[in-house]
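# Close look at the chain arrangement
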Number of protein chains: 2
Amino acid sequence: MSGGLAGLGRSVTLEVVAGHAGVSRQTVSNALNAPGKLRPETLRRVQESIAALGYRPDRHARSLRTRAAGALGYGLAPGGSGGLADRFLPALCHATEMSGRSLLLFTARPSREGLVAYDELLSHGVVDGFVLSHVVPGDTRHAWLAQRGVTFTSVGRIWSGEQPGPWVDADHAAGIEAAVRHLHSRGHRRIALLGCPPGPGAAEDRVVGWRRACRAIGLPDEELLLTRAVDGIAGGRAGTAQLLDASPRPTAIVAVSDDLALGAVHAITERGLRPGLDVAVSGVGDSAVCTAVRPALTTVRLPIEEMARRAVRLLDEAAVPVLESSAGLLLAPELIIRDSTPPPAAP
Amino acid sequence: MSGGLAGLGRSVTLEVVAGHAGVSRQTVSNALNAPGKLRPETLRRVQESIAALGYRPDRHARSLRTRAAGALGYGLAPGGSGGLADRFLPALCHATEMSGRSLLLFTARPSREGLVAYDELLSHGVVDGFVLSHVVPGDTRHAWLAQRGVTFTSVGRIWSGEQPGPWVDADHAAGIEAAVRHLHSRGHRRIALLGCPPGPGAAEDRVVGWRRACRAIGLPDEELLLTRAVDGIAGGRAGTAQLLDASPRPTAIVAVSDDLALGAVHAITERGLRPGLDVAVSGVGDSAVCTAVRPALTTVRLPIEEMARRAVRLLDEAAVPVLESSAGLLLAPELIIRDSTPPPAAP
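Residues numbered from 1 in each chain as written. Chains lettered and ligands numbered in written order. Predicted model: local features only at pLDDT ≥ 70, side-chain atom pairs only at ≥ 80, totals over all residues. Heavy atoms only, no water.

### Regarding the sheet that holds strand S12 (residues 334-336) of chain B
Residue and element names in this part refer to chain B. Taken in spatial order, the six strands line up as S7-S6-S8-S9-S10-S12 in an open sheet, and their pairing is mixed. Of all the strands in the sheet, just strand S7 (226-228) and S12 have a single pairing partner and so form its edges. On average, adjacent strands in this sheet sit at an angle of 20 degrees to one another, irrespective of strand direction. Pairing between strand S10 (residues 298-301) and S12: three bridges, direction antiparallel. The residue of S12 that forms the bridge with Val-300 is Leu-335. Together, strand S6 (191-195), S7 and strand S8 (252-255) form the strand contacts of helix H10 (residues 233-245), whose direction differs from that of S6 by roughly 150 degrees. (Pairing = 2+ DSSP bridges. Helix = DSSP H or I, 4+ residues; strand = E, 2+ residues; numbered from the N terminus. Axes fitted to C-alpha atoms, helices over the stretch in contact; angles between N-to-C directions. Contact = heavy atoms within 4.5 Å.)

Given below as structure tokens:
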């Protein structure tokens with residue numbers, strides 16, 4: 001079925017990557033086969049060149065050099081990817097290929113019911129490892145896979161400790177902390193948090209980041225400055241309306257998602273106030289809307305591509321047990337400063 | 001490696017789908033195995049129930065009933081998916097599974113250089129068919145695959161006729177026409193087009209839709225009402241600035257993308273005019289930004305999920321040759337009316 005590729009060329013070679021990254025050929029080779037040998041900045045630079053150039057090491061040659069290549073499975077929840085697909089899937093696909101595997105995409109309902117799909121893929125020998133996301137409290141996939149000796153990594157922090165296996169996540173608390181510190185440096189002194197409804201793990205982690213920053217700086221973190229809303233533009237509007245009723249009013253609102261931040265912008269505008277100038281706003285996610293709205297939104301950008309790369313690497317390391325059974329990796333997010341967080345208006 | 005699923009249950013059965021869709025069990029079975037037997041509305045209803053419930057027919061049983069199951073390959077361009085991934089990939093994944101196959105995601109540079117990746121997948125026997133997107137003029141993948149007897153479908157219209165194989169696309173001209181007719185019905189009489197730079201096929205198709213609607217209704221389609229800009233918010237601002245310099249000024253701008261429409265909203269605001277009220281605006285895409293901005297954007301929503309389903313079905317039909325070698329399928333998009341296209345302000 002397949003023909004020769006004579007004349008097609010393989011224009012992006014190891015040398016091309018080395019030239020692009022400004023490193024030696026050996027360094028590129030190490031980045032592929034022994035990443036632990038490189039300094040993190042060097043590794044990052046080489047990985048960025050690899051991604052930018054679309055370099056593909058020969059999968060067959062690599063699998064001979066390293067380990068038997070198989071396919072990695074990634075299950076999508078029916079009905080959508082929650083907005084992560086545009087950045088996460090291409091990065092996961094590339095990282096999987098760089099590890100000498102293929103990426104098999106499948107649909108599976110969350111947790112227990114979805115195991116039918118996992119079982120089918122394993123029993124047909126199509127897949128030999130999984131990257132799990134959309135992890136829910138009481139998720140039974142982890143124990144089910146671990147019992148069968150199947151390697152996997154979770155994308156998303158395991159909070160309860162009840163699920164085994166390595167995980168990778170963004171350090172959300174640190175992201176919120178960075179937003180609070182930025183607003184403080186701009187002169188804000190009443191900085192509110194627009195959070196998610198109370199729940200295990202993730203929602204509280206953002207509150208922890210806000211409190212930690214406020215207390216370290218000496219800003220108030222009273223209950224009047226904390227509101228919780230269902231994620232989405234409508235939730236952000238309702239939550240912000242509450243915050244704006246407080247007296248004295250917060251001069252800045254740190255929202256835990258871009259959609260909540262957008263709702264805040266709408267609510268501020270509806271009060272006849274100027275978003276940014278009268279009440280500063282920041283979000284989390286760096287979604288396309290951040291640069292589409294005016295003022296452009298300051299936001300915490302999550303290291304999605306790096307999370308995908310690390311998920312695949314953790315999976316390799318899990319196969320030769322280096323990590324403890326439920327160890328995780330928290331990656332630092334980055335604050336992107338735009339127009340929605342200027343200094344507060346003079347009273 | 002794989003264990004039993006005793007006690008797990010397979011809670012979504014054919015019966016459950018039939019109940020949800022309000023049809024018989026046989027109708028669900030036909031939707032899976034003989035979709036041509038059903039009326040399009042019925043087929044659509046069953047498919048929506050299947051997607052909503054996350055129903056998975058047993059792939060192994062299906063492949064025995066129908067044809068040997070393999071994997072479908074879908075190549076992502078390095079560096080991102082162009083914003084379609086969030087709707088397209090979950091739909092493609094589900095449609096592929098419904099056809100009894102797996103979906104293998106891989107990265108490949110566009111056209112000729114990417115063939116290395118296609119060749120590798122074929123030579124390892126991992127994949128036996130492809131869904132192609134990001135088709136470029138002079139794309140060599142189609143002929144290369146056709147020569148090797150590999151089945152494939154293009155997502156995106158084949159304009160030149162030089163590439164063989166079936167394709168599916170949204171009817172972009174019809175979408176623009178619907179936007180013009182909507183604005184006319186609201187009372188607008190000078191409706192401009194904010195298009196893309198001239199190019200083969202797709203860009204001109206939008207202009208054709210605009211002209212066709214204007215001429216059918218009896219509206220002007222003079223050159224002053226047509227501007228072309230590089231897709232993006234910045235391009236939309238620049239193009240709109242030109243349109244607003246014209247005298248008399250258009251009262252409505254039909255943009256061929258949501259990003260261009262957003263740029264138009266910004267340019268209108270910067271002139272001290274009210275987007276929507278003074279100059280109406282519509283976009284194409286129904287991206288998340290449409291409901292994030294004020295006024296919320298009227299837009300042409302593309303039938304992305306249906307395109308994914310049809311792409312997989314065309315591939316099956318191509319294997320038992322039903323379609324001519326370069327036949328295509330144009331699906332109707334849907335106009336979503338929001339606040340950015342009210343009646344024109346009184347002069």
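That was the structure; now back to the text.
### Considering the environment of Arg-271 of chain B
Residue and element names in this part refer to chain B. Relative to the elements of secondary structure, Arg-271 occurs in the loop between helix H11 (258-270) and strand S9 (280-284). Separated by 30 residues in the primary sequence, Arg-271 and Ala-241 place their C-alpha atoms 8.6 Å from one another. Discounting chain neighbours no more than four positions away, the residues touching Arg-271 are Ala-241, Leu-244 and Asp-245. At a separation of 3.1 Å, a polar atom in the side chain of Arg-271 contacts the side chain of Asp-245. (Polar contact = N/O pair within 3.5 Å; in protein donor to acceptor, adjacent residues only side chain to side chain.)

### Brief notes about helix H6 (residues 111-123) of chain B
Residue and element names in this part refer to chain B. Along its 13 residues, H6 runs 18 Å from first to last C-alpha, staying within 8% of the 18 Å computed at 1.5 Å per residue. A maximum bend of about 25 degrees is found in H6 at Ala-117. Restricting attention to buried positions, one finds in H6 the residues Ser-111, Gly-114, Leu-115, Val-116, Ala-117, Tyr-118, Asp-119, Glu-120, Leu-121 and Leu-122. A positive phi of about 65 degrees marks Gly-125, the residue just after H6. (Expected span 1.5 Å × (residues − 1). Bend = angle between axes of the 7 residues up to and from the residue. Buried < 20%, exposed > 50% of the residue type's maximum accessible area, 1.4 Å probe, protein only.)

### As for the domain arrangement of chain A
All names here are of chain A. For chain A, the assigned domains are domain 1 (14-57), domain 2 (71-170 + 304-332) and domain 3 (172-302). Across the domain 1 to domain 2 interface the summed buried area is about 680 Å²; carbon plus sulfur atoms make up 54%. For the pair domain 1 and domain 2, the interface holds zero salt bridges. In this structure, the connection of domain 1 to domain 2 is made through one residue pair in polar contact (both at pLDDT 80 or more). Among the elements that line the side of domain 1 that touches domain 2, the one with the most residues is helix H3 (residues 40-53), at five residues. When its residues are assigned to classes, the side of domain 1 that touches domain 2 shows seven nonpolar, one polar and two charged. (Domains from an automatic or database assignment. Buried area = accessible area lost by both parts, 1.4 Å probe. Salt bridge = Lys/Arg side-chain N within 4 Å of Asp/Glu carboxyl O. Nonpolar A, V, L, I, M, F, W, Y, C, P; charged D, E, K, R; others polar.)

### Some points on the environment of Asp-231 of chain B
Residue and element names in this part refer to chain B. Looking at the secondary structure, you find Asp-231 in the loop between S7 and H10. Placed 182 residues apart in sequence, Asp-231 and Ser-49 show a C-alpha to C-alpha distance of 36 Å. Ignoring sequence-local partners within four residues, the contact set of Asp-231 consists of Cys-196, Ser-257, Asp-259 and Leu-260. Of the polar contacts made by the side chain of Asp-231, one reaches the side chain of Ser-257; its length is 2.6 Å.

### Regarding the packing of helix H1 (residues 14-21) of chain A against H3 of chain A
Residue and element names in this part refer to chain A. Between H1 and H3, whose axes approach to 9 Å, the crossing angle comes to 120 degrees. Here H1 is positioned oblique relative to H3, judged by the angle of their axes. Handedness of the crossing formed by H1 with H3: right-handed. Counting all contacts with H1, which are made through Val-16, Val-17, His-20 and Ala-21, the residues of H3 involved are Arg-45, Val-46, Ser-49, Ile-50, Ala-52 and Leu-53. Of the residues contributing to the contact of H1 with H3, the split by class is seven nonpolar, two polar and one charged. (Parallel < 35°, antiparallel > 145°, perpendicular 65-115°, else oblique. Left-handed = near helix turned anticlockwise from the far one by under 90°.)

### A few points about the pairing of S10 of chain B
Judged from the three bridges that link them, S9 of chain B and S10 of chain B form a sheet pairing that is parallel. The residue bridging Gly-283 of chain B from the neighbouring strand is Thr-299 of chain B, located in S10 of chain B.

### Some details on the pairing of strand S4 (residues 151-155) of chain B
Residue and element names in this part refer to chain B. Across the five residues that make up S4, a large majority, four, are buried. In this structure, strand S3 (residues 129-132) lies alongside S4, joined through four bridges in parallel fashion. In the strand pairing of S4, Leu-132 is matched with Ser-154. At this point the chain moves from S3, through helix H7 (residues 141-147), to the parallel S4, and the crossover so formed is right-handed. With two bridges connecting them, S4 and strand S5 (residues 167-170) associate as parallel partners. In the strand pairing of S5, Val-155 is matched with Val-168. (Right-handed = clockwise from strand over helix to strand, strands pointing away.)

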